[in-house]
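Below are the chains, spelled out letter by letter.
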Amino acid sequence: MPLSEHEQRMLEQMERALYAEDPKFATALEGSGLRTYTRRRVYQAVAGFLVGIALLMAGMVAQQVWLSVVGFLVMLGCAVLAVTGWRKAPKPGEQPAAGAAPQGRRPAQQKRSVMNRIEERWQRRRDEQQGGQ
């Protein structure tokens, strides 16, 4: 849903104020998106998975069962992190969701009605604020 002209102007004013107040922080926020975070998380999980393989092999070579078990658990944990991080990553060109990840089980009509209710509440609050000024 696109923003109204009033909302776009307010957002631009807030951005300009943020850049004027703290340009270093604003620049840092600009580069750190959800996609970058999830990509970094997946890469870290892959690196951890490789460490788990190394621990598993080292445990086998040294005939230390506990080390092999630890390596396997590290591999398992990192695989879960990589898969969940990959699923949460937004597709290129897609806007990340503001709340929780969308549920595929709910019908589109129900989602639309929730969005309509949220939009109606937003409009009521905005009208109340403009009426009170």
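About the thresholds
- Residues numbered from 1 in each chain as written.
- Predicted model: local features only at pLDDT ≥ 70, side-chain atom pairs only at ≥ 80, totals over all residues.
- Heavy atoms only, no water.
- Helix = DSSP H or I, 4+ residues; strand = E, 2+ residues; numbered from the N terminus.
- Buried < 20%, exposed > 50% of the residue type's maximum accessible area, 1.4 Å probe, protein only.
- Contact = heavy atoms within 4.5 Å.
- Areas by Shrake-Rupley, 256 points an atom, 1.4 Å probe, with all protein chains shown as cover.
- pLDDT = per-residue confidence, 0-100.
- UniProt positions renumbered as here; feature names shortened; annotations may be inferred.
- Polar contact = N/O pair within 3.5 Å; in protein donor to acceptor, adjacent residues only side chain to side chain.
- Patch = residues over 30% accessible without salt bridge, like charges linked within 9 Å, V, L, I, M, F, W, Y side chains within 5 Å.
- Salt bridge = Lys/Arg side-chain N within 4 Å of Asp/Glu carboxyl O.
- Lys, Arg positive; Asp, Glu negative; His and termini not counted.
- Charge placed at Lys NZ, Arg CZ, Asp CG, Glu CD.

## Brief notes about the overall build of the protein
Along the backbone of the protein there are five helices and zero strands. Counting helices and strands in the order they occur from the N terminus, the protein gives α-α-α-α-α. Within the protein, the fraction of its 133 residues that count as buried is 13%. In the protein, 49% of the contacts between residues at least 6 apart in sequence involve partners at least 24 apart. For the protein, the computed accessible surface area is about 11,200 Å², with 61% contributed by carbon and sulfur atoms.

## Concerning unusual backbone geometry
One non-glycine residue with positive phi stands out, namely Gln63, at about 55°. By the element assignment, Gln63 lies in the loop between helix H3 (34-61) and helix H4 (65-88).

## Overview of the confidence of the model for the protein
The pLDDT averaged across the protein works out to 75; a share of 68% of its residues lies at or above 70. Contacts for the low-pLDDT stretch residues 95-104, under 50 throughout, to residues beyond four places or in other chains number four contacts.

## Quick notes on the environment of Gly71
Here Gly71 shows up in helix H4. For the pair Gly71 and Leu56, spaced 15 residues apart in sequence, the C-alpha separation works out to 4.5 Å. The residues contacting Gly71, other than those within four sequence positions of it, are Gly52, Leu55 and Leu56.

## Overview of the UniProt feature "transmembrane region" (unreviewed entry) in the protein
As recorded in UniProt, the feature "transmembrane region" (unreviewed entry) lies at residues 42-60 and 66-86. For residues 42-60, the end-to-end C-alpha separation is 27 Å, with 100% helix and 0% strand making up the annotated structure.

## Considerations on the side chain of Ser68
Summarising the element assignment, Ser68 is placed in helix H4. A distance of 3.3 Å separates the side chain of Ser68 from the backbone oxygen of Leu56, its partner in a polar contact.

## A short note on a nonpolar patch on the surface
On the surface, Val65, Val69, Phe72, Leu73, Leu76 and Val80 cluster together into a nonpolar patch covering about 570 Å² of accessible area. For Val69, the location among the structural elements is in helix H4. On the basis of relative accessible area, Val69 is assigned to the partly exposed category, the value being 42%.

## A word on a positive patch on the surface
Taken together, the side chains of Arg117, Arg121, Arg124 and Arg125 present a region of like positive charge at the surface. Mapped onto the fold, Arg124 is located in helix H5 (residues 108-132).

## So, the side chain of Arg126
Relative to the helices and strands, Arg126 is located in helix H5. On the basis of relative accessible area, Arg126 is assigned to the buried category, the value being 18%. Not counting residues within four places of it along the chain, the set of residues in contact with Arg126 comprises Ser4, His6 and Glu7.

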